[in-house]
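Survey of secondary and tertiary structure
If you want the building blocks of each chain, they are given just below.
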Amino acid sequence: MGRIYNFSAGPATLPVEVLEKARDEFLDFQGSGMSIIEMSHRGKIFDAVHEKSFELMRKIANIPDRFDINYMGGGASTQFALIPMNLSGKGRKAGYINTGSWSKKAIEQAKIQGIDLQEIASSKDSNFNHIPDPINVPSGLDYVHATSNNTIFGTQFKSFPKPADSVLTIDMSSDFLSKPIDWDSVGIAYAGLQKNAGPSGMAVAIVDRELYKREKEDTPTMFRYSTYGENKSLYNTPPTFQIYMLGLILEWIDSKGGLQGIAKHNESKAALIYDVIDANPEFYIGHSQKDSRSLMNITFNCKSDELNAKFLEESKKQGMDGLKGHRSVGGLRASIYNAMSQEGCKALADFMKDFLQRNG
Ligand SMILES: Cc1ncc(COP(=O)(O)O)c(C=O)c1O
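Cut-offs used in this document
Residues numbered from 1 in each chain as written. Predicted model: local features only at pLDDT ≥ 70, side-chain atom pairs only at ≥ 80, totals over all residues. Pairing = 2+ DSSP bridges. Helix = DSSP H or I, 4+ residues; strand = E, 2+ residues; numbered from the N terminus. Axes fitted to C-alpha atoms, helices over the stretch in contact; angles between N-to-C directions. Contact = placed C-beta atoms within 7 Å. Buried ≥ 20, exposed ≤ 12 C-beta atoms within 10 Å, placed from the backbone. Domains from an automatic or database assignment. Near = placed C-beta within 6 Å. Core = buried A, V, L, I, M, F, W, Y, C linked by C-beta atoms within 7 Å. Parallel < 35°, antiparallel > 145°, perpendicular 65-115°, else oblique. Nonpolar A, V, L, I, M, F, W, Y, C, P; charged D, E, K, R; others polar.

Right, let's talk about the sheet that holds strand S14 (residues 332-335) for a bit. Across the sheet, which stays open at both edges, the three strands sit in the order S11-S12-S14 with antiparallel pairing between neighbours. A single partner strand is all that each edge strand has here, and the edge strands are strand S11 (284-286) and S14. The sheet shows a mean angle of 35° between the axes of neighbouring strands, direction not considered. Inspection of the sheet shows S11 paired to strand S12 (residues 297-302) by three bridges, in the antiparallel sense. Directly across from Tyr-284, in S12, lies its bridge partner Cys-302. Taken strand by strand, helix H7 (residues 258-279) contacts S11, S12 and S14, and its axis lies near 20° from that of S12.

Looking along the chain, the bond that leaves Gly-10 and enters Pro-11 is cis, with omega of -5°. With respect to the element layout, Pro-11 can be found in the loop between strand S1 (5-6) and helix H1 (16-24). With a phi angle near 55°, Asn-62 is a residue other than glycine that sits in the positive phi range. Tracing the backbone through its elements, the reader meets Asn-62 in the loop between helix H2 (44-60) and strand S2 (67-73).

Another point: the environment of Gln-156. Within the element layout of this structure, Gln-156 appears in strand S7 (residues 155-156). C-beta crowding within 10 Å serves as the criterion here: with 24 such atoms nearby, Gln-156 is assigned to the buried category. Between the C-alpha atom of Gln-156 and that of Asn-297, which follows or precedes it by 141 residues, the distance is 9.0 Å. Those residues within four positions of Gln-156 in sequence are excluded, and the remaining contacts are Ser-148, Asn-149, Asp-175, Ser-292, Arg-293, Ser-294, Leu-295 and Met-296.

Quick look at the domain arrangement of the protein chain now. Each assigned domain of the protein chain is listed here: domain 1 (17-255) and domain 2 (257-359). Relative placement of domain 1 and domain 2: their C-alpha centres are 27 Å apart. Where the side of domain 1 that touches domain 2 is concerned, the elements lending two or more residues are S7 and helix H6 (240-255).

Moving on, we get to the site of the ligand. Around the ligand, the surrounding shell consists of Gly-10, Gly-75, Ala-76, Ser-77, Trp-102, Thr-147, Thr-151, Asp-171, Ser-173, Ser-174, Gly-192 and Ser-200. Here the element with the most residues in the shell around the ligand is helix H3 (residues 75-87); it accounts for three residues.

Nonpolar side chains in soluble globular proteins tend to end up buried together. Grouped together as the largest cluster of nonpolar side chains are 93 residues, with contacts concentrated most on Tyr-190, Val-204, Ala-205, Ile-206 and Ile-336. No other element matches the eight residues that H6 contributes to this core. Taken domain by domain, this core gets at least three of its residues from each of domain 1 (17-255) and domain 2 (257-359). Look past the residues within four positions of Ile-206 in its chain and what remains in contact with it is Ile-63, Phe-67, Ile-69, Ile-188, Ala-189 and Tyr-190.

Attention shifts here to the environment of Leu-87. With respect to the element layout, Leu-87 can be found in helix H3. The exposure class assigned to Leu-87 is buried, which follows from the 25 C-beta atoms found within 10 Å. Separated by 187 residues in the primary sequence, Leu-87 and Tyr-274 place their C-alpha atoms 39 Å from one another. Among all residues touching Leu-87, those that are not within four sequence positions of it are Asp-142, Tyr-143, Leu-211 and Arg-214.

The next subject is the sheet that holds strand S4 (residues 116-122). If you trace the seven strands from one edge of the open sheet to the other, you get S2-S10-S9-S8-S5-S3-S4, paired in mixed fashion. On the outer flanks of this sheet lie S2 and S4, each paired with one strand and no other. Put simply, the sheet's adjacent strands are angled 20° from each other on average, direction ignored. Inspection of the sheet shows strand S8 (residues 167-171) paired to strand S9 (residues 186-192) by four bridges, in the parallel sense. When the sheet's bridge partners are listed, Ile-170 is paired in S9 with Ala-189. In this fold helix H4 (residues 101-112) packs onto strand S3 (93-98), S4, strand S5 (143-147) and S8, with an angle of close to 160° to the strand it touches most, S3.

In this section: the pairing of S5. For S5, the buried fraction is high: five of the five residues fall into the buried class. Alternating positions in S5 separate into two faces, Tyr-143, His-145 and Thr-147 on one and Val-144 and Ala-146 on the other, with burial throughout. When S3 meets S5, the two strands line up parallel, connected through three bridges. The residue bridging Tyr-96 from the neighbouring strand is His-145, located in S5.

Turning to the packing of H7 against helix H9 (residues 342-359), a few remarks are in order. Running from amino to carboxyl end, H7 crosses H9 at an angle of 5°, the nearest separation of the two axes being 9 Å. As judged from the angle between their axes, H7 and H9 are roughly parallel. Between H7 and H9, the contacting residues are Ser-268, Lys-269, Leu-272, Ile-273 and Val-276 on the first element and Gln-342, Cys-345, Lys-346, Leu-348, Ala-349, Met-352 and Lys-353 on the second. In terms of residue class, the contact of H7 with H9 is built from seven nonpolar, two polar and three charged.

Written out as structure tokens, the structure reads:
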């Protein structure tokens, strides 16, 4: 079929069964004589797709009733700006946990809006190679922001701090739907779709309805979470193709044993690659400290830049792509989201062993 093992950080590989289904029903969706992206978002057919995606998401991610599931344009980066706009007016307080680039972008957007912001924990001094621990959340904050999985540095929270008197807002872009979610203390969890949940350009923002009371009065309609929650994300024309694809992916996750099943699959996949790094620490240098390792993005370097370049070139010839690390860490990065198969991870692990034999 000509498909490669795509280790790209996002947009990323999607389940082939999902792509095939989308292909098969693309021209004539359910006998309508139209594609899903050509029909009204207010018609019966799209409405069923839309509703089903909400139902499946709530079931699979075990989302409590207090939350609305909001489908929003603008990707995850727009959420960086919307959170301070919706949760905290000028002069109010927020705590941010800085685990690298994505946290930094979220911090910048809050600062632009004049939020009284404290970086309550940071791993900057070690080039973000770990999740700070312990994290002490001061009292008197309006909200706390964390990036659950840092796509660039390959670190991931195993659990979140529990603020005593504020809510957590969590950027789950790169580990959303990869394992069960603990909703305790969460006010807003959001994610861009393009890693585990579909095509790029849309974010899911799961928002506690109580928080709508905190929206700043001058927040424009399209930037308010309540607009989406109160209109089932149909205030305007939603990203219909993304919602349709998300629905197919949710069905696929359901068929794999839900988030428990997917989490097990992700743990065993990541172990295949981390085991090679751990067995050969002089040749493969992992970026993340062990207790902060991401199951989604594995960041490592060969012992020289020349070897990194050779690794990329040779792995590409073996049908593996997307392995170049982000410039802020360098080296190599294997993104192994839900849809990356066990076989794909085994192929990479075998290649790593073979490459070491030949160059070690
Ligand atoms: C953790 C994280 N947050 C935010 C973003 C930004 O997402 P978007 O490009 O959808 O705005 C990304 C993109 O890769 C990401 O990995």
